[in-house]
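# Working through the structure, step by step
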Amino acid sequence: MRRRLRNLQRFCRSKGYCGGNTKEGGGMFQMGQVYEIVYLFFVDAAGHSNVVRSNPRDVSDQAFDLLYQKVWGRLREAAEKKGCGIAEVWSWLGDVGMFPVHDERQQVALETALMFARSVLQKDLRGLRREFAKREINGEIHLRIAVHKGTIRYTDQGQQGLIHSSDINWGAHLEEATPQDSVAISKDVYGIMGKNKQGF
C-alpha cells in the first residue's frame, strides 16, 4: 500500500498534478509544519480497467483526463465556496487520487470535505456518464470515495511522496473496501459531522 502511494505521488508530480492550491495566492502546506486536522480524500475510478480494455489508448486517456478535471474542479469550487484555506492534489494516477483539505477552522474544513464528496458522487459522476455517452466512450465508469482525517507532518523537502502517515494508509485501505458509487466516511469523521450526517 505504501509503495502504491509513493508511486502514485511520484507520477502526479511528474505531470504537475501535485501541490496545487485552490486559487492564485491561496494557502498551501508549509514545509516542516505539523497539521493536526487534515481531511484526506481518496477517489478511485472502479471502472478503469473496463474502459481501458474497451477503447483505443487515446480515448481512454481522454476519459480519465476528464475525470481528473471534474474532480479537481469540484474541489476548487467547494474550497472557494466555503473559504477553505488549503485544498490540494497530492496524487493522481489516472484512475486514483488523494486530495488533502485543511483549515484552521475545523468546521470550514469539514464542510468543504463533505461538499466535495457529495458533489463528486451526486453531480460529477452523472455528468461523466453523460460525457462518456456523448463522446462514444465504451465502458462504465464507477467511483469509490473515502474520507478520513488525521495529523500530517509536511516534509522538510516539501515532497508529498516522502510523507509517511498511518492516517494516509488507513484512508487508502478504507477506499479499497468502499462499494462502488459510494462514499465511505471513517468513524473519526462521522463522529463530528452533526447535522451534516444527512445525505450520507
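First, a word on what this report is: a plain description of the structure on this page. (Residues numbered from 1 in each chain as written. Predicted model: local features only at pLDDT ≥ 70, side-chain atom pairs only at ≥ 80, totals over all residues. Heavy atoms only, no water.)

Every α-helix carries 3.6 residues per turn, so stepping three or four residues along brings you back to the same face. For helix H4 (residues 106-134), which comprises 29 residues, the first-to-last C-alpha distance of 40 Å matches the rise-based estimate of 42 Å (1.5 Å per residue) to within 8%. The largest bend in H4 is about 40 degrees, located at valine 120. Glutamate 136, located one to two residues past H4, shows a positive phi value of around 60 degrees. (Helix = DSSP H or I, 4+ residues; strand = E, 2+ residues; numbered from the N terminus. Expected span 1.5 Å × (residues − 1). Bend = angle between axes of the 7 residues up to and from the residue.)

In this section: the nonpolar core. Within the largest apolar cluster, 42 residues are counted, with the highest numbers of intra-cluster contacts made by Tyr39, Phe41, Leu67, Phe99 and Val101. Tallying contributions element by element places H4 first for this core, with 13 residues. Beyond its immediate stretch of four places on either side in the chain, phenylalanine 99 contacts Tyr39, Leu40, Phe41, Val43, Val71, Leu75, Glu88, Val89 and Trp92. Judged by nonpolar contacts, the second largest core, of 15 residues, contains Trp90, Tyr154, Leu174 and Ala184. (Core = buried A, V, L, I, M, F, W, Y, C linked by side-chain atoms within 4.5 Å. Buried < 20%, exposed > 50% of the residue type's maximum accessible area, 1.4 Å probe, protein only. Contact = heavy atoms within 4.5 Å.)

To continue, consider the packing of aromatic side chains. Aromatic rings in a pair are described by how distant their centres are and how their planes are angled relative to each other. Scanning the entire structure with this criterion turns up six aromatic pairs. With a centroid separation of 6.1 Å and an interplanar angle of 55 degrees, the aromatic rings of tryptophan 92 and phenylalanine 99 are classed as tilted. When sorted by exposure, tryptophan 92 lands in the same class as phenylalanine 99, which is buried. A centroid spacing of 5.9 Å and a plane angle of 65 degrees characterise the contact between phenylalanine 99 and phenylalanine 116, whose relative ring orientation is edge-to-face. In this pair, phenylalanine 99 sits in strand S4 (residues 96-102) while phenylalanine 116 sits in helix H4, placing the two residues 17 residues apart along the sequence. (Phe/Tyr/Trp six-rings, centres within 6.5 Å; stacked < 30°, edge-to-face > 60°.)

Mapped onto the elements of the fold, glycine 85 is located in the loop between helix H3 (57-82) and strand S2 (86-87). Sequence separation between glycine 85 and phenylalanine 29 is 56 residues, and the spatial gap between their C-alpha atoms is 9.6 Å.

Here we come to the pattern of salt bridges. Enumeration over the complete set of coordinates arrives at nine salt bridges. Among the salt bridges present, the one from aspartate 181 reaches arginine 129, with a minimum N-O distance of 3.0 Å. In this pair, aspartate 181 sits in the loop between helix H5 (166-176) and strand S6 (182-185) while arginine 129 sits in helix H4, placing the two residues 52 residues apart along the sequence. By relative accessible area, aspartate 181 is classed as partly exposed at 26%. Its salt-bridge partner being glutamate 175, residue arginine 144 comes within 3.2 Å of it at the nearest N-O pair. Remark: glutamate 175 occurs in helix H5 and arginine 144 occurs in strand S5 (residues 143-153); sequence separation between them is 31 residues. Arginine 144 gets classed as buried once you look at its relative accessible area, which sits at 19%. Classification of glutamate 175 as buried rests on a relative accessible area of 2%. Among the charged side chains, a network of salt bridges with common partners joins Asp44, Arg144 and Glu175. (Salt bridge = Lys/Arg side-chain N within 4 Å of Asp/Glu carboxyl O.)

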